[in-house]
Amino acid sequence: MARGLARDHDEKRAALRKGAAAYFATHGFDRASMTGAAKSCGVSKALIYHYWASKEDLLYDILDDHLGALVEVVEAARSEGMRGLIRVILEAYADADAEHKLQLDALSVLPADKQTPLIAAQRRLVDIMTDAVLQQAPQLQADPDRLRAATMSVFGVLNWFYMWHRPGKGLSREDYADLATDFATGGLKAL
């Protein structure tokens, strides 16, 4: 008879994903090991391998969970325009700095079949933000290169927040969301 899942299986898996993401982001995915991830999480290597067959499978699960949650909140905020999108993106990034760093730094090390759904999620996010950019600057519809550059510039303002922001110092995430929105909308109106 097959063994059933423990009642706290999903919670354990989520905690291990979170701990492993922090370890991979700190040490660099290419230099990190499953042994190090296990130690960082305070569990045995066998337990890590109980959940994931390889380091790449663990990375995929981290990124799939992160991007899936991000797409979900962005889809829900789509009707709120750029201000709503920027707010929910920064909120979603709040406790996901490690996951976000891995998305930027390590997605490309995954095999193509694992990259494909993650890249599709990223494209979905870009498509939704592109729609918000077009609401602010409809003239960009006629110039796809400038439209893409404008959209990616908005993401640039958001994606590097984790690099310089220190909780409890300077602007809060909420205040930065307002500043970033005003910055983006003001810049788009000037195009």
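This text follows the structure it describes.
Source: prediction; values computed, not measured.

## Regarding the side chain of threonine 130
Okay, so step 1: With respect to the helices and strands, threonine 130 occurs in helix 7 (residues 112-136).
Okay, so step 2: Threonine 130 gets classed as buried once you look at its relative accessible area, which sits at 16%.
Okay, so step 3: Those residues in contact with threonine 130, other than ones at most four positions away along the chain, are Leu147 and Thr151.

## Examining the environment of cysteine 41
Okay, so step 1: Mapped onto the elements of the fold, cysteine 41 is located in helix 2 (residues 34-41).
Okay, so step 2: Remark: the alpha-carbon pair of cysteine 41 and phenylalanine 183, spanning 142 residues in sequence, is separated by 39 Å.

## Some details on the packing of aromatic side chains
Okay, so step 1: Applying the stated rule across the entire model yields 6 aromatic pairs.
Okay, so step 2: Seen from their ring centres, tyrosine 51 and tryptophan 52 are 5.5 Å apart, and the 40° between their planes marks the pair as tilted. Grouping residues by exposure puts tyrosine 51 and tryptophan 52 together as buried.
Okay, so step 3: Relative to tyrosine 176, the ring of phenylalanine 161 has its centre 4.7 Å away and its plane inclined at 25°; by these criteria the two rings are stacked. Placement of the pair is phenylalanine 161 in helix 9 (residues 161-164) and tyrosine 176 in helix 10 (residues 173-189), with a sequence separation of 15 residues.
Okay, so step 4: When its relative accessible area of 0% is taken as the criterion, phenylalanine 161 is described as buried.
Okay, so step 5: Cluster of aromatic residues (ring-pair linked, three or more members): Tyr23, Phe24 and Phe29.
Okay, so step 6: The cationic tip of lysine 55 hangs over the ring face of phenylalanine 29; the distance from NZ or CZ to the ring centre is 4.4 Å.

Procedures and definitions
Residues numbered from 1 in each chain as written. Predicted model: local features only at pLDDT ≥ 70, side-chain atom pairs only at ≥ 80, totals over all residues. Heavy atoms only, no water. Helix = DSSP H or I, 4+ residues; strand = E, 2+ residues; numbered from the N terminus. Buried < 20%, exposed > 50% of the residue type's maximum accessible area, 1.4 Å probe, protein only. Contact = heavy atoms within 4.5 Å. Phe/Tyr/Trp six-rings, centres within 6.5 Å; stacked < 30°, edge-to-face > 60°. Lys NZ or Arg CZ within 6 Å of the ring centre and 35° of its normal.

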